[in-house]
Amino acid sequence: MITSKDKVTATKSYTSKKITVDKNAPVIKVAYDNNNAKNTNNYKANRTATITVTEHNFDARKVIAEITAKNILGEIVDVEDYAAYLQNSANWTYYAADGSETDANADNIHKQAAKITYSVDAIYTFDISCKDFAETASADYTADEFVVDKTKSENVTITYST
């Protein structure tokens, strides 16, 4: 309960109905739907990443994603702004502890999940972190790097010198 007095001794009291004690850091897991790589990390089809954050006190605005898409020359490739997408709470699905889908404003939220699809030919890097309401940071995520190359080579000529 908080009690305050002003200069004319009017007293006001406020009692909070809810207090949250959060000792747990957010846990991030990323799973990809396409794991059929050629030469270790080259994919000839789209890849969709499902990002799952286990955190009761989740705020999408505190998700920090660093995602780059470049061509073979190192030039930036125009793709969706995945970082902004992940910071929008409307792009996340919310789950209760029993695994059932729930409302974003529910008191029983346990996990959140969002999906991003890499559909443009590019060399991608993906790194992510997040903080909860108490500013507790997730563990360091080891960045992913992979290539999506759906375009078949045409008019390839190989010459040999003799």
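Worth saying up front: this structure is predicted, and the values here are computed from it rather than measured.

A separate point is the packing of aromatic side chains. Under the definition given, this model contains nine aromatic pairs. Considering the side-chain rings of Tyr 82 and Tyr 118, the 5.3 Å spacing of their centres and the 55° angle between planes classify their relative orientation as tilted. Of the two residues, Tyr 82 is situated in helix H1 (residues 82-86) and Tyr 118 in strand E9 (residues 109-118); the sequence distance between them amounts to 36 residues. Look at Tyr 82 and you get buried, because its relative accessible area is 5%. Its relative accessible area of 0% is what places Tyr 118 among the buried residues. Taken together, the aromatic side chains of Tyr 32, Tyr 43, Tyr 82, Tyr 118, Tyr 124 and Phe 146 make up a single cluster linked through ring pairs.

Here we take up the sheet that holds strand E11 (residues 144-148). Taken in spatial order, the four strands line up as E4-E11-E10-E6 in an open sheet, and their pairing is mixed. Each having just a single partner strand, strand E4 (42-43) and strand E6 (63-70) make up the two edges of the open sheet. Relative to strand E10 (residues 122-130), E6 runs antiparallel, the two sharing eight bridges. Opposite Ala 69, over in E10, you have Tyr 124 as the bridge partner.

To continue, consider the pairing of E11. Of all five residues that make up E11, four are buried, and the element is covered over most of its length. Pairing analysis gives two bridges linking E4 to E11, with the strands arranged parallel. Across the sheet, the residue bridging to Asn 42 is Val 147, located in E11. As judged from the five bridges shared by E10 and E11, these two strands associate in the antiparallel manner. In the strand pairing of E11, Tyr 124 is matched with Phe 146.

Below, the discussion takes up the pattern of salt bridges. Applying the stated criterion across every chain yields a total of three salt bridges. As a salt-bridge pair, Arg 61 and Asp 59 come within 2.9 Å of each other at their nearest N and O atoms. Overall, the relative accessible area of 62% leaves Arg 61 in the exposed class. With relative accessibility at 10%, the residue Asp 59 sits in the buried group. The closest approach of N and O atoms between Lys 131 and Glu 135, which form a salt bridge, is 3.9 Å. Lys 131 gets classed as partly exposed once you look at its relative accessible area, which sits at 38%.

Parameters at a glance
Residues numbered from 1 in each chain as written. Predicted model: local features only at pLDDT ≥ 70, side-chain atom pairs only at ≥ 80, totals over all residues. Heavy atoms only, no water. Phe/Tyr/Trp six-rings, centres within 6.5 Å; stacked < 30°, edge-to-face > 60°. Helix = DSSP H or I, 4+ residues; strand = E, 2+ residues; numbered from the N terminus. Buried < 20%, exposed > 50% of the residue type's maximum accessible area, 1.4 Å probe, protein only. Pairing = 2+ DSSP bridges. Salt bridge = Lys/Arg side-chain N within 4 Å of Asp/Glu carboxyl O.

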